[in-house]
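Residue-level listing of the chains:
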Amino acid sequence: ADVAYLRSVLPSNTDDAFFDYLATLDASEVTVTAIPEGSVVFARVPFLQVKGPLLVVQLLETTLLCLVNYASLVATNAARFRLLAGPDMKLMEMGLRRAQGPDGALSASKYSYIGGFDCTSNILAGKLYGIPVRGTIAHSFVMSFRSLEEVQPRELPPRAGGDPVDLAALTVSWLQRVCDLLQTPPGKANQGELAAFVSYAVTFPCDFQGLLDTYCVRRSGLPNFCAVALALHQLGYQAIGVRLDSGDLAQQSKEIRGVFRACGAHFQVPWFGTIPIAVSNDISEQSLEEFRREGSEIDMIGIGTNLVTCPLQPSLGCVYKLVEVNGSPCLKLTEDEEKMTIPGMKMIYRLYDAAGHPFMDLMALEEEPSPSAGQELGIRVLGRLGETTKVIPSTVEPLHRTYFRDGQVCEPLPSLPEVRTHAQVSLNLLSPAHRRLHEPQPYPV
């Protein structure tokens, strides 16, 4: 069917032998070597090399670039967020609604996880790839309630067993005590919001969380949540967190943490002061920098649009270039120096200093002898080819491995968690000067 379609769109005088040849194509003559997925790769370093009959390897160009470009772009963007957030902050990918279609969304979930995110709100990505899934209640759920009379069922048995308790009535009694402590009028707390929280708590008593900003965080969302959480605690349950989706997130997180600590101390509930606080709402790199600068009590950050659409760099320009045919090197000459190709089949080595940081990637022709640790090397840095520099690496790592030969995958491919771990290890090996996001020291090749 594919060959028939090509016949219909190619010129009518195309030789029949061409279509006969297409029908016999297979990948048994193709060899693919690659830098392992999740590795840090630098500009001008060929991270994928494909050998085989020219027509066959040329047919692979668009597919390989499609598979690599967006995936690398999103993983890199996710890694930048992880570096800004620090190792202890929980990061949740939640970009499904803003991604470029369902396929783009699945890729974004997968490669955000590789880049360092902890979980996704995309349940299909969880099912297909085993990525941990997380989420919170929605504003629409909170807004769908008007009063406590709508809560059905409303009784909840204590966790340790015993007769069911009317959670709504218990929550109302706690709301008065919380409002007295916070010096806020109970009448200002939205009853529909309180009903939504109670309904959620009855259904998921071990996983109760609150979305605090549907109406007013200070006068409604926060006291309503505390009242339900304390009522649950009286029955032996523990709330798992809150989310903010608007306003000054850093400042509000500090105010909320103060309220949690005050409630924990006043009502003698020690764990209350450590309830996790999650935030969302168009979080960007600038947002994370502001959180760090201002200080915050945020434990989890949900990032969507600025993660999956990569607005700081919407595309990655990886290219696929011919460097050798029948043993003869090929060189593309152009007035744009950045687009000039480097001829010949190459080996790639990563050179490490005594501190264990990579300081240079070295390209050499396949037939050249491999460099070794402690050996003085005469090198020319791309962009400064007229100068020869001497370097002595403490460690030398060949980067390429053969993954596909003779129509077969040559070695077991790593699992997604293994790729994710490898990506974080690779990033952590970089020296701080190369890893910083603002004005990093250029990494030489």
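Labelled according to an unreviewed UniProt entry, the protein appears under the name Nicotinate phosphoribosyltransferase, originating from Mohoua ochrocephala. UniProt lists a comment for the protein under the heading Sequence similarities (unreviewed entry), and it reads "Belongs to the NAPRTase family." Regarding the protein, the UniProt comment filed under Function (unreviewed entry) reads as follows: "Catalyzes the first step in the biosynthesis of NAD from nicotinic acid, the ATP-dependent synthesis of beta-nicotinate D-ribonucleotide from nicotinate and 5-phospho-D-ribose 1-phosphate. Helps prevent cellular oxidative stress via its role in NAD biosynthesis."

(A) Region of interest: the environment of Ile303. Note that Ile303 resides in strand S10 (residues 300–303). For the pair formed by Ile303 and Glu337, sequence separation is 34 residues and the distance between their alpha carbons is 37 Å. Contacts of Ile303, omitting those with residues within four sequence positions, involve Phe81, Leu91, Met92, Glu93, Met94, Gly95, Phe117 and Ile283.

(B) Broad picture of the sheet that holds strand S8 (residues 241–244). Across the sheet, which stays open at both edges, the 6 strands sit in the order S4-S3-S10-S9-S8-S7 with parallel pairing between neighbours. At either end of the open sheet lies a strand with only one pairing partner, and these are strand S4 (119–120) and strand S7 (209–211). Across 3 bridges, the pairing between S7 and S8 is parallel. Residue pairing in the sheet places Gly210 in a bridge with Val242 of S8.

(C) Fine view of the side chain of Ser253. Note on placement: Ser253 falls in helix H11 (residues 249–266). Looking at Ser253, its side chain comes within polar contact range of the main-chain nitrogen of Glu297, at 3.0 Å. Leave out the neighbours within four places in its chain, and Ser253 touches Leu244, Ile277, Ser296, Glu297 and Ile298.

(D) Main features of the domain arrangement of the protein. Domain parsing of the protein yields domain 1 (24–69 + 329–429) and domain 2 (77–309). Just the C-alpha atoms count here: the centres of domain 1 and domain 2 sit 44 Å apart. If you look at the interface, domain 1 gives 8 residues, while domain 2 gives 12 residues. Interface area, domain 1 with domain 2, both sides summed: about 820 Å², of which 64% is carbon and sulfur.

(E) Representation of the environment of Glu294. Structurally, the position occupied by Glu294 is in helix H12 (residues 285–294). In this structure Glu294 comes out as partly exposed when scored by relative accessible area, which is 41%. Taking the C-alpha atoms as reference, Glu294 lies 33 Å from Gly187; in sequence the two are 107 residues apart. Residues in contact with Glu294, not counting those within four places in the same chain, are Asp248, Ala250 and Lys254.

(F) Structural view of the sheet that holds strand S13 (residues 346–352). Strand order in this open sheet of 3 strands is S14-S13-S17, and the pairing throughout is antiparallel. Pairing within the sheet leaves two strands with one partner each, and these edge strands are strand S14 (358–365) and strand S17 (395–398). Ignoring strand direction, the axes of neighbouring strands in this sheet form an average angle of 25°. Sheet topology note: the S13/S14 ladder contains 7 bridges and is antiparallel. Residue pairing across strands places Tyr352 opposite Pro358, the latter belonging to S14.

(G) Spotlight on unusual backbone geometry. Cis geometry marks the peptide bond from Gln152 to Pro153, where omega comes out at -5°. Unlike most non-glycine residues, Gln183 shows phi in positive territory, near 55°. The residue Gln183 is located in the loop between helix H8 (167–182) and helix H9 (191–203) in this model. In this model, Asp406 sits at a positive phi of 55°, which is unusual for a non-glycine residue. If you trace the backbone, Asp406 turns up in the loop between strand S18 (401–405) and strand S19 (408–409).

(H) Fine view of the nonpolar core. By size, the foremost hydrophobic cluster in this structure holds 87 residues, and its most contacted members are Phe208, Phe225, Phe260, Phe272 and Ile301. In terms of residues, this core owes the most to one element, helix H10 (residues 217–234), which gives 10 residues. When residues of this core are assigned to domains, at least three map to each of domain 1 (24–69 + 329–429) and domain 2 (77–309). In terms of nonpolar packing, the next biggest core, distinct from the first, is built from 12 residues, Ile35, Val40, Phe42 and Tyr443 among them.

(I) Seen up close, the environment of Ala250. Relative to the assigned elements, Ala250 resides in helix H11. The class of Ala250 is buried, set by a relative accessible area of 1%. Taking the C-alpha atoms as reference points, Ala250 and Glu297, separated by 47 residues in sequence, lie 7.1 Å from one another. Residues contacting Ala250, with those up to four places away along its chain left out, are Phe291, Glu294, Gly295, Ser296 and Ile298.

Calculation notes
- For every chain, the first residue of the written sequence is number 1, and numbering continues from 1 onward in sequence order.
- The predicted nature of this model means local features are confined to residues of pLDDT at least 70 and side-chain atom pairs, given and counted, to a pLDDT of 80 or more, with totals for whole chains, interfaces and linings taken over all residues.
- Side-chain numbers come from the whole structure's heavy atoms, not from hydrogens or water.
- UniProt positions are given in the numbering used here, feature names are shortened, and annotations may be inferred rather than shown by experiment.
- The way it works is that DSSP assigns letters per residue, a run of H or I at least four long becomes a helix, a run of E at least two long becomes a strand, and they are numbered from the N terminus.
- Whether two residues are in contact is decided by their heavy atoms, any of which lying within 4.5 Å being enough.
- Strands are labelled as partners when DSSP assigns at least two bridges between them.
- Whenever two N or O atoms come within 3.5 Å, that pair is a polar contact, provided that in protein one can donate a hydrogen and the other can accept it, and provided that, for residues adjacent in sequence, both atoms are side-chain atoms.
- An automatic or database domain assignment provides the domain bounds reported here.
- We define buried area as the total accessible area lost by two parts upon association, computed with a 1.4 Å probe and summed across both.
- In this scheme, a residue with accessible area under 20% of its type's maximum is buried, one over 50% is exposed, and one in between is partly exposed, where area comes from a 1.4 Å probe on protein chains only.
- Axes here mean lines fitted to C-alpha atoms, for a helix over just the part in contact, with angles spanning 0 to 180 degrees between N-to-C directions.
- For our purposes a nonpolar core is just a set of buried Ala, Val, Leu, Ile, Met, Phe, Trp, Tyr and Cys residues, chained together by side-chain atoms within 4.5 Å.

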